[in-house]
Amino acid sequence: MLHFIFLSICFIVASLGLLLLSKTQQIKDRDKQVDVLKNSLEEMDEQAKLIMRTDMELNKTQEELDKKVSGLNILQRLSRDISTTLEEKQIFKKIGNEYLEELGFEKSLAFLWNDLKREFHPCLNLGYSNDESEKIKIAVNTDKNCYLDLIHSGKTASSVFIPNDFITKDKIYQLFLVRSFIICPILAQEGDQGFIFVGTQNIETCITEGDQELITILANQIGQTLDNARLFEKTWRSQQELEIKVEERTRQLTHALEEVGKISKRKSDFISSVSHELRTPLTSIKGYASILLAGKLGVVPDEIKNRLEKINRHSDELVHMVNDLLDISRIESGKVNMHMESLELKYIADKIADLLSEQLKTKNISFSSNIPDDCQRILADRSQIERVFINLVGNALKFTPEKGKISINAHRSGRIIQIDVIDTGFGIPEDAQERIFEEFFRVENAINQEVKGTGLGLTLVKHIIEAHQGRIWVKSRINEGSTFSFTLNSD
Ligand code: ADP
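Below is a short write-up of the structure. (Residues numbered from 1 in each chain as written. Predicted model: local features only at pLDDT ≥ 70, side-chain atom pairs only at ≥ 80, totals over all residues. Heavy atoms only, no water.)

**Some remarks on the site of the ligand**
Residues in close proximity to the ligand total 20 residues, the closest being Asn 395, Asp 423, Arg 442, Asn 448 and Leu 458. For the ligand, an oxygen atom lies 2.9 Å from a polar atom in the side chain of Asn 448. Interatomic distance of 2.8 Å between a backbone N/O atom of Leu 458 and an oxygen atom of the ligand. With respect to the detected pockets, the ligand is housed in the largest pocket. Those elements that place two or more of their residues in the shell around the ligand are α10 (382–398), α13 (457–467) and β12 (481–489). A per-element tally of the shell around the ligand places α10 first, with three residues. The class makeup of the residues in the shell around the ligand is nine nonpolar, eight polar and three charged. (Near = heavy atom within 4 Å. Polar contact = N/O pair within 3.5 Å; in protein donor to acceptor, adjacent residues only side chain to side chain. 1 Å grid on protein atoms, 1.4 Å probe; cavity = no way out; pocket = protein on both sides within 12 Å on 5 of 7 lines; lining within 4 Å. Sits in = over half its atoms within 2 Å of the grid points. Helix = DSSP H or I, 4+ residues; strand = E, 2+ residues; numbered from the N terminus. Nonpolar A, V, L, I, M, F, W, Y, C, P; charged D, E, K, R; others polar.)

**Things to note about empty space enclosed by the protein**
Tallied over the full model, the rule gives one cavity of 30 Å³ or more. Roughly 40 Å³ of volume is contained in the largest cavity. Surrounding the largest cavity, Glu 64, Lys 67, Lys 68, Thr 208, Gly 210, Asp 211 and Leu 214 form its lining. Listed by contribution, the elements that provide at least two residues to the lining of the largest cavity are α1 (2–83) and α6 (209–293). For the lining of the largest cavity, the class distribution of residues is one nonpolar, two polar and four charged. (Points joined across faces, edges and corners; volume = space filled by probe spheres on them.)

**Side note on the packing of α6 against helix α7 (residues 302–332)**
Between α6 and α7, the least distance of the axes is 8 Å, while the angle of their chain directions is 155°. Comparing the axis directions of α6 and α7 gives the class roughly antiparallel. α7 is crossed by α6, and the crossing has left-handed handedness. Broken down by class, the residue content of the contact of α6 with α7 amounts to 14 nonpolar, 10 polar and seven charged. (Axes fitted to C-alpha atoms, helices over the stretch in contact; angles between N-to-C directions. Parallel < 35°, antiparallel > 145°, perpendicular 65-115°, else oblique. Left-handed = near helix turned anticlockwise from the far one by under 90°.)

**With respect to the layout of surface pockets**
In this structure, the largest pocket occupies an estimated 1200 Å³ of space. Contributing to the lining of the largest pocket are 42 residues, with Gly 394, Asn 395, Lys 398, Lys 452 and Gly 453 lying nearest its centre. The set of elements that each furnish at least two residues to the lining of the largest pocket consists of α7, α9 (357–362), α10, α12 (446–450), α13 and β12. The biggest single contributor to the lining of the largest pocket is α10, with nine residues. Of the residues contributing to the lining of the largest pocket, the split by class is 19 nonpolar, 15 polar and eight charged. In this structure, the second largest pocket encloses a volume near 310 Å³. Forming the boundary of the second largest pocket are Glu 88, Leu 112, His 121, Glu 190, Gly 191, Asp 192, Arg 230, Glu 233, Lys 234 and Arg 237. Residue composition of the lining of the second largest pocket, by class: one nonpolar, two polar and seven charged.

**Examining unusual backbone geometry**
Negative phi characterises most residues that are not glycine, and trans characterises most peptide bonds. In this model, Phe 440 sits at a positive phi of 65°, which is unusual for a non-glycine residue. The phi dihedral of Gln 469 is positive, around 60°, even though this residue is not glycine. Locating Gln 469 in the fold gives a position in the loop between α13 and β11 (472–477). Of the residues examined, Gln 469 reaches a relative accessible area of 64% and is grouped as exposed. (Buried < 20%, exposed > 50% of the residue type's maximum accessible area, 1.4 Å probe, protein only.)

**As for the sheet that holds strand β9 (residues 405–413)**
Strands sit in the order β7-β9-β10-β12-β11 across an open sheet of five strands; the sheet is mixed. Looking along the sheet, the strands with just one partner apiece sit at the ends: β7 (366–370) and β11. On average, each strand axis in the sheet is tilted by 15° relative to the strand beside it, whichever way the strands run. Sheet topology places β11 next to β12; six bridges connect them, and they run antiparallel. Residue Trp 473 lies in a different strand from β12, and its bridge partner there is Ser 485. Lying over the sheet, α13 contacts β11 and β12, oriented at roughly 25° with respect to β12. (Pairing = 2+ DSSP bridges. Contact = heavy atoms within 4.5 Å.)

**Overview of the pattern of salt bridges**
Per the stated rule, a full pass over the model turns up 22 salt bridges. As a salt-bridge pair, Asp 211 and Lys 67 come within 3.2 Å of each other at their nearest N and O atoms. With a gap of 144 residues between them, Asp 211 in helix α6 and Lys 67 in helix α1 connect regions that are remote in the sequence. The closest approach of N and O atoms between Glu 88 and Arg 230, which form a salt bridge, is 3.2 Å. Taken together, the positions of Glu 88 in helix α2 (residues 88–99) and Arg 230 in helix α6 put the pair 142 residues apart, joining distant regions of the chain. (Salt bridge = Lys/Arg side-chain N within 4 Å of Asp/Glu carboxyl O.)

Shown next as structure tokens:
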């Protein structure tokens, strides 16, 4: 029995031991699970913290972004507003009055460099009293080299970043009475450059890199607008100067023209009165020579007859010349009325050829006319236009050697008919071509010493053509020939 009890106790003890062991194992397992859980909780906590941090950063970035977008919007409005401003003062006035505070800066100053005075002068003031801005101006000019270096380097100084060789942040805080700031160069290509300063006293709204970017854009915009304004002023000023010059020149020219008019009138009056005075004695001389030649006052010996014939011929030439002179001055002063009528060009050309046929034959010169159908009718004064043809074809005949050619060509352009009188004559030197239509001008050459003339024919022709609202010009080559061209209105 005792043996059985002992065995039972042993069995119970062993069972309890086993139970204890399994429980201990269970507890160990639970502990392990608790550890794993603890670790995961810790990780979750870390992640939650990270999420919160990221969320905060995201919020901050969003804020920055919002600030940037609103800043860019303000800059866009400002840019539109000042880009149409063409006065330097107005540009800064607009920026200072309307936009800088909106961008979040309660203090601002801008300075431009005056190269003549070698100093900075203020052109914008926001948030400073006159005394304060004067004090800052003096200090800026004391350190002008530092500011000039900053401008030339094109760098921006701010409470975020300050170039090594620039003034210290603390000095700027003290001078400009701010807690954060940006100083940005204004770079203009035309004229003076400068810088803009913006700042804030509020420690909450300290300046960021985003603000720095905005002010850099603003400074560039100011630079470009200044360039435009200065270019405009330069152009406007040179236009004013030009206008003054043009006015002065016009006055001078009008005066000179009046003088020329007066002189020309005096000359015409003189020529006309001298011609008139000459005509009467010339007619008498010619009359007496004719009476003597006709033998009405007795028989005239041959020797005297010869001389009388010379007197007669020279008198004719003089009368001719005096008449030309009188006509020129009459046409010039508008005293001759042109009787405009519809004329047939071919008929005039044939008539001239007929008139000069003897001389053409003598010199064995061929004559032709080429007048197309659409050039047949011109609007002109018959007798005056016939004089033009007689003079031009007469000259061609005079200055063309034997066996040469003379032709009259015509062509039409709109309502204008151009007529060319072409010869294969001696030609006219280039320097003489410009003066050929002047009164009494004759080319100085051996031919002209032989060929008689007054140098008035072409002047008369020019006056007649101009009285018909036409133009006349010459093209010529020595030893090849000349072409006299003129225009008339078609009918
Ligand atoms: P004139 O014939 O009486 O000298 P014009 O005024 O008719 O006066 O001509 C002026 C000058 O122009 C002439 O002296 C001559 O030298 C030159 N000239 C005019 N027509 C011709 C021509 N067809 N060929 C060469 N020279 C010409």
